[in-house]
Amino acid sequence: MGIQRPKGTQDIIPGSVEKWHYLEEQIHAICSEYGYKEIRTPIFEATELFQRGVGETTDIVNKEMYTFLDKGERSITLRPEGTASVCRAYSENKLYALQQPVKMYYLGPMFRYENTQAGRFRQFHQFGAEVLGGEDPMVDAEIICLIWELLRRLGLKGLEVQINSVGCPKCRAEHRTRLQEFLHEKKAGLCADCQNRFSKNPMRILDCKNKTCQTLTENAPTTLDTLCEDCSTHFEKVKSYLEIADIRYRINPKMVRGLDYYQKTAFEISAEGIGAQSAICGGGRYDGLVAEIGGPPTPGIGFAMGLERILSVMEKQNIQIDTDPVSPIILAALGDHARKEAFKLMSDFRQAGLPVIMDLLGRGLKNQLKYADREHARYVLIIGDDELAKKVAVVRDMRLGDQQEIAIENIKTFLIENNKISGKEL
Ligand code: ATP
Ligand code: MG
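None of the values given here were measured: they were computed from a predicted structure.

A. Expanded view of the overall build of the chain. Summing up its helical and strand segments, the chain has 15 helices and 16 strands in all. In summary, the chain has a C-alpha radius of gyration of 28 Å against a globular reference of 22 Å for 426 residues, an excess of more than 25%. Here the chain, with 426 residues, has 49% of them falling under the buried criterion. Relative to all contacts within the chain whose residues are 6 or more apart in sequence, the contacts with residues 24 or more apart total 68%. Carbon and sulfur atoms make up 49% of the accessible area of the chain, which amounts to about 21,700 Å² in all.

B. Highlighting unusual backbone geometry. Of note, the amide linkage connecting Gln100 to Pro101 takes the cis form, showing an omega dihedral of -5 degrees. Mapped onto the fold, Pro101 is located in the loop between α4 (83-92) and β5 (102-111). Its identity as a non-glycine residue notwithstanding, Lys264 has a phi of 55 degrees, on the positive side. By the element assignment, Lys264 lies in strand β9 (residues 263-271). Among the residues examined, Lys264 registers a relative accessible area of 10% and is labelled buried. Although it is not a glycine, Asn318 sits at a positive phi angle of roughly 60 degrees.

C. Here's a closer look at the domain arrangement of the chain. Along its sequence, the chain is organised into domain 1 (17-168 + 228-316) and domain 2 (329-425). Using C-alpha coordinates to define each centre, domain 1 is positioned 49 Å away from domain 2.

D. Geometry of the nonpolar core. One finds Phe127, Leu151, Leu156, Ile280 and Phe303 to be the most contacted residues of the largest nonpolar core, which totals 51 residues. It is helix α5 (residues 137-154) that contributes the most residues to this core, 11 residues altogether. Core analysis: the next-biggest nonpolar cluster, separate from the first, contains 43 residues, Ile60, Met203, Ala220 and Val290 among them.

E. Highlighting the pattern of salt bridges. What the rule picks out here adds up to 28 salt bridges. Residue Glu45 is joined to Arg88 by a salt bridge in which the shortest nitrogen-to-oxygen separation is 2.8 Å. With a gap of 43 residues between them, Glu45 in strand β2 (residues 44-46) and Arg88 in helix α4 connect regions that are remote in the sequence. With respect to burial, Glu45 and Arg88 carry one shared label: buried. Note that Asp359 is salt-bridged to Arg363, the shortest N-O span being 2.6 Å. The exposure class of Asp359 is buried, given its relative accessible area of 1%. Look at Arg363 and you get partly exposed, because its relative accessible area is 26%.

F. Structural view of the sheet that holds strand β1 (residues 37-38). Within the open sheet, the eight strands sit side by side as β1-β5-β6-β11-β10-β9-β7-β8. Their pairing is mixed. In this open sheet, the two strands that pair with only one neighbour each are β1 and β8 (250-251). Bridge analysis of β1 against β5 gives two bridges, and the strand direction is parallel. In the sheet register, Glu38 faces β5, and the bridge partner there is Tyr105. Of the strands in this sheet, β1, β5 and β6 (123-132) touch helix α1 (residues 17-34), which is tilted by about 160 degrees from β5. Sitting on the sheet, α5 touches β5, β6, β7 (159-165), β9, β10 (279-285) and β11 (300-306), and the angle it makes with β11 is about 20 degrees.

G. Here's a closer look at the side chain of Asp359. Looking at the secondary structure, you find Asp359 in the loop between β13 (356-358) and α13 (365-374). Reaching out from Asp359, the side chain makes a polar contact with the side chain of Arg363 at a distance of 2.6 Å. Ignoring any residue separated from it by four or fewer positions in sequence, one finds Asp359 in contact with Leu331, Arg339, Gln368 and Tyr371.

H. Summary view of the sheet that holds β13. The strand order across the open sheet formed by five strands is β13-β12-β14-β15-β16, and the pairing between neighbours is mixed. Lying at the two open borders of the sheet, with one neighbouring strand each, are β13 and β16 (403-407). Each strand of the sheet is rotated relative to its neighbour by a mean of 25 degrees, with strand direction disregarded. Here strand β12 (residues 329-333) runs beside β13; their pairing, made up of three bridges, is parallel. Residue pairing for β13: Ile330 is matched across the bridge by Ile357. Contacting β12, β14 (379-383), β15 (392-397) and β16, helix α15 (residues 408-418) runs over the sheet at an angle of about 125 degrees to β16.

I. Just the site of ligand 1, in detail. Around ligand 1 there are 15 residues in total, and Arg112, Glu114, Arg120, Phe121 and Arg257 lie nearest to it. In this structure, a nitrogen atom belonging to ligand 1 sits 2.8 Å away from a main-chain N or O atom of Phe121. Within the side chain of Lys209, a nitrogen or oxygen atom sits 2.9 Å from an oxygen atom of ligand 1. Taking 590 Å² as the accessible area of ligand 1 by itself, protein coverage stands at 87%. Breaking the shell around ligand 1 down by element, the ones donating at least two residues are β6, β10 and β11. Here the shell around ligand 1 takes three residues from β10, the largest share from any one element.

J. Structural context of the side chain of Gln317. Position of Gln317 relative to the elements: it lies in the loop between α11 (307-316) and β12. Within the structure, the side chain of Gln317 is placed 2.7 Å from the backbone nitrogen of Lys157, a separation counted as a polar contact. Every residue in contact with Gln317, bar those within four places of it in the chain, is listed here: Gly155, Leu156, Lys157 and Glu272.

Calculation criteria
- Residues numbered from 1 in each chain as written.
- Chains lettered and ligands numbered in written order.
- Predicted model: local features only at pLDDT ≥ 70, side-chain atom pairs only at ≥ 80, totals over all residues.
- Heavy atoms only, no water.
- Helix = DSSP H or I, 4+ residues; strand = E, 2+ residues; numbered from the N terminus.
- Rg over C-alpha atoms; globule rule 2.2 N^0.38 Å.
- Buried < 20%, exposed > 50% of the residue type's maximum accessible area, 1.4 Å probe, protein only.
- Contact = heavy atoms within 4.5 Å.
- Areas by Shrake-Rupley, 256 points an atom, 1.4 Å probe, with all protein chains shown as cover.
- Domains from an automatic or database assignment.
- Core = buried A, V, L, I, M, F, W, Y, C linked by side-chain atoms within 4.5 Å.
- Salt bridge = Lys/Arg side-chain N within 4 Å of Asp/Glu carboxyl O.
- Pairing = 2+ DSSP bridges.
- Axes fitted to C-alpha atoms, helices over the stretch in contact; angles between N-to-C directions.
- Polar contact = N/O pair within 3.5 Å; in protein donor to acceptor, adjacent residues only side chain to side chain.
- Near = heavy atom within 4 Å.

Written as structure tokens, this is what we have:
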């Protein structure tokens, strides 16, 4: 074996890339309909951005970042998520001076040094959206509606929306005290991560995946128990908008999500059929984040969705993707002169936007026809010395199985007028 790709990465090769195109087209379409504009930020950023913007107590920052010093001794990190970068770009490009809220989305690779297993990669892809400069609960609901509608269009079944409110720094202080009191005696039984969280970010203990921690926190006070009036009203309104939009949800008071900066609304969407890695999407409100990374105080909310997970759910649920392959025109030329003429025709056809390919290996006629078959060609144009002398080509209709001679100068018009290539308008 030669050199292999790094652990936790994947090649997306022809044959599967078409599924990605389909998914990406659906995403671009729905975002444009909902008024979200695409933003593209760098694949790497200053490490400090994620330390401050994702949070020092998160798994991402503690264990999962691809961090290195560049030749100028700057600490650089391959982006593990998109929100911090979008918030940085919002301040750096002064998007707060535009009409608010600013609704943006992104799509692209993220990098996390994870223990690889089914559905968990070191390079994976996320689609995410962020709304900055809008604190109305309607924004929270809209963003959940967008995800719901996308997943509905993709045909996913068995979806569950879980929501929670983790409160704001004000009401969380009380929760923190109550939770620490509750866990005081139990602390020794918590996992190493949670012992660490106990003083730094105790709320995170509530959604630890460790079984012992889950048992110990069974009757622990949740953030819903201590919501202040503002947070409580906000949560009620989010729920009522979801009801208006006919979105079923489940309140999960223990879902607090991984990121340090969440405030108020937190949500997660899962689908049946992918077992343990059932979360396909998670998000929440992060009203303190833009200020945390040095911008003006700005409310924000967003989510991120794992595209590999979406595709794997679609596969497990047997959802067919119509990839609509192009049926090309194949130019089968025999002999040097004919190949030159065909090459000229090809560039002429291509200028007219016709999908046309030519054998590049100098195959014989029989093999060129086989090639055409495998490429699902609609028409094959055969040009040999005889045809060249008569200034014609044999045009074989692969679907109907018949063929006719057509003057070379008329072929382009014939193809355009027949308007049959791949069944689409040209
Ligand atoms: P988990 O608890 O599963 O680790 P997370 O909280 O780290 O999830 P987020 O950071 O919220 O996940 O990312 C949002 C989505 O991105 C996840 O729901 C999942 O679909 C996808 N995702 C996250 N990490 C990976 C990964 N390593 N490989 C593939 N997809 C991933
Ligand atoms: Mg994770």
